[in-house]
Amino acid sequence: MKTRHALWGVFVLLTLCSARPHTSYFNRKERALIGGAGDSLMRVWQTTDRRDSLFLRTLSRPLSRKEIRSPYFETLKRRMLCTVRDTAHPGVGIAAPQVGIGRCLIAVQRFDKPGKPFEFYINPRLVYRSGQQQTGREGCLSVPDRAGSVSRSADIVVRYLDEATLQERQDTVSGYTAVIFQHETDHLEGILYIDKLEK
């Protein structure tokens, strides 16, 4: 009986620990920012606003399977894409925190693929960075009217969750597209390119 009760206690504890309330679905504020439908622009959060700047410095949370399968996720992707392709302020990549959503989602323009398409990456993380560096000029939609030189790894391996299968995949990326991946995944860790400017 004691063993059975002990095992039951462990089961209950593990169940409670794995429940993780408030992280399994977009919260009310996030749902309001994402909106119900449409392909309209989202407000880009910027360092010139104190509250925006503090938010941009926070760690993003991984997206859950429930969130990925929700209509809010599809709307978020459409609106992020519209925002990064805005002709008034175009970009080559965007991260969810830049539109006020503290989740691990980025869009990257793949200059290494035909047609240079924008592609989304769920819960991305860089599992390899080459020692060989490349230095280039960078700017950011969240840091207006500023640019500077940053050194980044020339080659990376990015691991992410495939939206269709919800299985982990990885991709090896080089050159300018690798720079974009590094810039956008930094956003998920609260890091901005200005933190890495060459002196």
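Conventions used here
Residues numbered from 1 in each chain as written. Predicted model: local features only at pLDDT ≥ 70, side-chain atom pairs only at ≥ 80, totals over all residues. Heavy atoms only, no water. Core = buried A, V, L, I, M, F, W, Y, C linked by side-chain atoms within 4.5 Å. Buried < 20%, exposed > 50% of the residue type's maximum accessible area, 1.4 Å probe, protein only. Helix = DSSP H or I, 4+ residues; strand = E, 2+ residues; numbered from the N terminus. Contact = heavy atoms within 4.5 Å. Phe/Tyr/Trp six-rings, centres within 6.5 Å; stacked < 30°, edge-to-face > 60°. Lys NZ or Arg CZ within 6 Å of the ring centre and 35° of its normal. Pairing = 2+ DSSP bridges. Axes fitted to C-alpha atoms, helices over the stretch in contact; angles between N-to-C directions.

*Asks:* Hey, could you go over the nonpolar core for me, with residue numbers and the actual values?
*Replies:* Ranked by size, the top nonpolar core spans 21 residues in total, and within it Leu 76, Met 80 and Leu 105 carry the most contacts. It is helix α5 (residues 71-84) that provides the largest number of residues to this core, a total of four residues. Leave out the neighbours within four places in its chain, and Leu 105 touches Leu 63, Phe 73, Leu 76, Lys 77, Met 80, Ile 94, Ala 95, Ala 96, Phe 120, Tyr 121, Ile 122 and Leu 188. Counting 14 residues, the second largest nonpolar core, distinct from the first, contains Val 108, Leu 126, Val 173 and Ile 180.

*Asks:* Residues and numbers for the packing of aromatic side chains, please.
*Replies:* Evaluation of the coordinates by the stated rule reveals six aromatic pairs. Here Tyr 121 and Phe 181 contribute two aromatic rings whose centre-to-centre distance is 4.9 Å and whose plane-to-plane angle is 65 degrees, an arrangement assigned as edge-to-face. Taken as a pair, Tyr 121 in strand β3 (residues 118-129) and Phe 181 in helix α6 (residues 175-188) lie far apart in primary sequence, 60 residues in all. Each of the two residues, Tyr 121 as well as Phe 181, counts as buried. Here the aromatic residues Tyr 25, Phe 26 and Tyr 72 are joined through ring pairs into a cluster of three or more. The ring centre of Tyr 25 lies 5.2 Å from the NZ or CZ of Lys 66, which sits over that ring.

*Asks:* Mind laying out the pairing of strand β6 (residues 155-161), listing which residues take part and the relevant values?
*Replies:* In terms of burial, β6 is largely enclosed, as five of its seven residues are buried. When β3 meets β6, the two strands line up antiparallel, connected through five bridges. Bridge pairing in β6 links Arg 129 to Ile 156. Across seven bridges, the pairing between β6 and strand β7 (residues 168-174) is antiparallel. Among the inter-strand pairings, Arg 159 is bridged to a residue of β7, identified as Gln 170. Two successive antiparallel strands, β6 and β7, enclose a turn made up of six residues, where Leu 166 displays a positive phi of approximately 60 degrees.

*Asks:* Summarise the sheet that holds β7; cite the residues concerned and give the values.
*Replies:* Read from one edge to the other, the open sheet built from five strands follows the order β1-β2-β3-β6-β7, with strand pairing classed as antiparallel. Edge positions in the open sheet fall to β1 (93-95) and β7, since each of these has one partner strand only. With strand direction ignored, the average angle separating the axes of adjacent strands in the sheet is 40 degrees. Here β1 pairs with strand β2 (residues 105-109) via three bridges, running antiparallel. The residue of β2 that forms the bridge with Gly 93 is Val 108. Seen against the sheet, α5 touches β1, β2 and β3 and runs at an angle of roughly 85 degrees to β3. With respect to the sheet, α6 is in contact with β1, β2, β3, β6 and β7, its orientation differing from that of β2 by roughly 160 degrees.

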